[in-house]
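Chains, contacts and geometry: an overview
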Amino acid sequence: MDYVSALVPPVVMAVFFIGLVRVIVKTQGGAAKAKEDAAVDAALARAEGVRKVPAGGDA
């Protein structure tokens, strides 16, 4: 019975990991996708604006 106790933790972790992946995949898209995409686009635009160096500045 030692083999059963040795296999239980990896099997339990695998089941939880598969469940986590399924939840992540199922929550992609949906009604909030446009809102999330807009938030990411805004964050990227702010990051690009901060990263630009003014003309004539030290680079």
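The coordinates are above.
Residues numbered from 1 in each chain as written. Predicted model: local features only at pLDDT ≥ 70, side-chain atom pairs only at ≥ 80, totals over all residues. Heavy atoms only, no water.

**Quick look at the overall build of the protein**
Along its length, the protein carries two helices and zero strands. Counting over 59 residues, the protein shows a buried share of 0%. For the protein, the accessible surface area stands at approximately 5,500 Å², while carbon and sulfur atoms represent 70% of it. (Helix = DSSP H or I, 4+ residues; strand = E, 2+ residues; numbered from the N terminus. Buried < 20%, exposed > 50% of the residue type's maximum accessible area, 1.4 Å probe, protein only. Areas by Shrake-Rupley, 256 points an atom, 1.4 Å probe, with all protein chains shown as cover.)

**Quick word on helix 1 (residues 2-27)**
Counted at 1.5 Å a residue, the expected span for helix 1 with its 26 residues is 38 Å, and the 39 Å between its end C-alpha atoms agrees. Of all the bends in helix 1, the greatest reaches close to 30 degrees and is centred on V8; the proline P9 follows between one and four positions later. (Expected span 1.5 Å × (residues − 1). Bend = angle between axes of the 7 residues up to and from the residue.)

**As for a nonpolar patch on the surface**
A contiguous nonpolar surface patch, about 940 Å² in accessible area, is contributed by M1, Y3, V4, L7, V8, V11, V12, V15 and F16. Topologically, V8 is positioned in helix 1. (Patch = residues over 30% accessible without salt bridge, like charges linked within 9 Å, V, L, I, M, F, W, Y side chains within 5 Å. Salt bridge = Lys/Arg side-chain N within 4 Å of Asp/Glu carboxyl O.)

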